[in-house]
Amino acid sequence: MGVLRLQLPTDPRWVNIVEKNIEEILTDHAWCEQKAATNAITIITNNSEHQDLVKDLLALAKEELDHFEQVHNIIIKRGLTLGRERKDDYVNELYMYMKKSIDGSRVSGLVERLLFSAMIEARSCERFKVLSENIQDEELALFYRELMESEAGHYTTFITYARKYGKGIDVEKRWREWLAFEESVIANYGTGQTIHG
């Protein structure tokens, strides 16, 4: 799938499932944005010595919170309710796969967290593209088109920093392993009314 290099595309029929409960997908999406902001802050907290990383991930975290607000505004505008935070089984599987460290160093721990983050952004970007091209709701089609472009930028940020700070680590080899693992995971999803479901 082009620049994202995802191995398994989302079946467009997933959108038919999503459309049956817009409130559910919007609630799940809002919390995905909140968790993405929290993840960026966590990376900053654990790697504050890298000024460029801090600067870019602060901007990214702000953008994710802005997306959270945008989704929340759509929920309010439609007379819907932001439900409770949802468990994201897909992200949890990726989290369990993430190594605390490839070789015992802090640097490799950072690379793993950045690749984990890039993987989530890549799949989110792809899901937003599928939504934008297949959902009947014109407002949401446009909204997801705009967010797709933003998520692609986030993916690029994470993968770029993994390469920059992954000195002595074969980042490309590890990314290929992530892509193969993600393919095995996402094959079990595509039937839920959630962004990664």
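The coordinates are above.
Keep in mind the model is a prediction, meaning the values are calculated, not measured. (Residues numbered from 1 in each chain as written. Predicted model: local features only at pLDDT ≥ 70, side-chain atom pairs only at ≥ 80, totals over all residues. Heavy atoms only, no water.)

Draft legend 1. Inspection of the nonpolar core at higher detail. Grouped together as the largest cluster of nonpolar side chains are 61 residues, with contacts concentrated most on Leu-26, Leu-131 and Trp-175. Looking at this core, the elements that each hand over two or more residues are helix H1 (14–18), helix H2 (22–46), helix H3 (51–77), helix H4 (89–97), helix H5 (106–134), helix H6 (138–165) and helix H7 (171–186). The contact partners of Leu-131, leaving out residues within four places of it in the chain, are Trp-14, Val-15, Val-18, Tyr-144 and Ile-195. (Core = buried A, V, L, I, M, F, W, Y, C linked by side-chain atoms within 4.5 Å. Buried < 20%, exposed > 50% of the residue type's maximum accessible area, 1.4 Å probe, protein only. Helix = DSSP H or I, 4+ residues; strand = E, 2+ residues; numbered from the N terminus. Contact = heavy atoms within 4.5 Å.)

Draft legend 2. How the structure looks around the pattern of salt bridges. All chains considered together, the criterion is met by 18 salt bridges. Among the ionic pairs, Arg-106 bridges to Glu-49, the shortest N-O distance being 3.1 Å. Here Glu-49 lies in the loop between H2 and H3 and Arg-106 lies in helix H5, a separation of 57 residues in the sequence. Of the residues examined, Arg-106 reaches a relative accessible area of 52% and is grouped as exposed. Glu-177 is the partner of Arg-174 in a salt bridge, and the nearest nitrogen-oxygen pair spans 2.8 Å. A residue pair is termed a helical-turn pair when its members lie 3 or 4 positions apart in one helix, as Arg-174 and Glu-177 do in helix H7 at 3 residues. Glu-177 sits in the partly exposed class, given a relative accessible area of 27%. Overlapping salt bridges, with partners in common, bring together Lys-77, Arg-78, Asp-137 and Glu-139 in one network. (Salt bridge = Lys/Arg side-chain N within 4 Å of Asp/Glu carboxyl O.)

Draft legend 3. Focus on H4. Burial in H4 covers these residues: Tyr-90, Val-91 and Leu-94. Down the axis of H4, the buried side of the element spans an arc of 95°, and every buried residue falls inside it. In the core, the buried residues of H4 are packed alongside H5 and H7. Among the residues of H4, the N-terminal cap falls to Asp-88, whose side-chain oxygen and the backbone nitrogen of Tyr-90 are separated by 3.3 Å. (Arc of directions from axis to C-beta. Polar contact = N/O pair within 3.5 Å; in protein donor to acceptor, adjacent residues only side chain to side chain.)

Draft legend 4. Spatial organisation of the environment of Glu-33. The topology assignment puts Glu-33 in helix H2. Counting along the chain gives 31 residues from Glu-33 to Glu-64, while the straight-line C-alpha distance between them is 5.3 Å. The residues touching Glu-33, leaving out its near neighbours within four places in the chain, are Glu-64, His-67, Phe-68, Phe-128, Leu-147 and Glu-151.

Without other data, these values stay purely geometric and don't point to any function.
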